Amino acid sequence: MIRRAVPLFLAGLLLLSAGAGQAQAAGYRYWSFWERDGATWTYATQGPSLVRPADGDVQGFRFAVSEDSADAAKPRGTADFATVCARTPAREGSKRVALVIDFGTPADAPPGETPPSRRTACAQVPPDATTSEALASVAAPLRYDTNALLCAITGYPGKGCGEQIERIPTEPAPSPADEREESGSGPSLGLAAGIAVVALLGAAAFWQARRRA
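Residues numbered from 1 in each chain as written. Predicted model: local features only at pLDDT ≥ 70, side-chain atom pairs only at ≥ 80, totals over all residues. Heavy atoms only, no water.

Looking at the overall build of the chain
Within the chain, the regular secondary structure consists of 5 helices and 8 strands. Reading the chain from its N terminus to its C terminus gives the helix and strand order α-β-β-β-α-β-β-α-β-β-β-α-α. When each of the 213 residues of the chain is scored for burial, the buried share is 31%. Across the chain, every contact between residues at least 6 apart in sequence was considered, and the portion connecting residues at least 24 apart equals 67%. When the accessible surface of the chain is summed, it comes to about 13100 Å², and 56% of that surface belongs to carbon and sulfur atoms. (Helix = DSSP H or I, 4+ residues; strand = E, 2+ residues; numbered from the N terminus. Buried < 20%, exposed > 50% of the residue type's maximum accessible area, 1.4 Å probe, protein only. Contact = heavy atoms within 4.5 Å. Areas by Shrake-Rupley, 256 points an atom, 1.4 Å probe, with all protein chains shown as cover.)

What to know about the pattern of salt bridges
Within this structure, the stated rule accounts for 3 salt bridges. For E163, the salt bridge is made with R29, and the minimal N-O distance between the two is 3.2 Å. Residue E163 is located in the loop between β7 (150–152) and β8 (164–167), and its partner R29 is located in strand β1 (residues 25–37); the two are separated by 134 residues in the primary sequence. We classify E163 as partly exposed; its relative accessible area is 24%. (Salt bridge = Lys/Arg side-chain N within 4 Å of Asp/Glu carboxyl O.)

Structural notes on the layout of surface pockets
What the second largest pocket holds in volume is close to 210 Å³. W31, F33, Y43, G47 and P48 are, among the 16 residues lining the second largest pocket, the residues nearest its centre. With 4 residues, β1 is the single largest residue contributor to the lining of the second largest pocket. Of the residues that constitute the lining of the second largest pocket, the class distribution is 11 nonpolar, 5 polar and no charged. (1 Å grid on protein atoms, 1.4 Å probe; cavity = no way out; pocket = protein on both sides within 12 Å on 5 of 7 lines; lining within 4 Å. Points joined across faces, edges and corners; volume = space filled by probe spheres on them. Nonpolar A, V, L, I, M, F, W, Y, C, P; charged D, E, K, R; others polar.)

What follows is the structure in structure tokens.
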């Protein structure tokens, strides 16, 4: 029995530590850069200062809080090149690039700032222009940090650049009964239950050891 109790005791410790670790996860508040292929947004593998889009390309920017590229929020909307550049006729010696600029949600905004409405723009630029140059032609002012990281589009946000913040997992709103149970300065109900489980398993293991002795 003691051999069975020890694994159960360790399992209880793991469950307790897992419950305590559901607090916060690190994230970064920044502008992500995307390229559109048909109806699909793909996270760009190069920065906008290195990419030289072709005539007819659709590229997007999204301001949000995310942990990494796999977690990043995509630009919203279904705009395509024909729609964005419908009023910008082709011109010899230039190219047209459709840009989707999504300023994100209030939840992603830095404290004290309100995100502008998302917008689209058709940049008509020289054939060798980069995405950064196309963006600057329709959404100035842009702001970069010393590492050439894009910090702001049309001046948003007013400060900060890729700062790390804590992300609190979203949970359902507690019922009045839950609020009464969790009020006060003591441990939460879940934490107390976990401690009780560990204590019971530990006592069982101790009792079995004494019995065998």
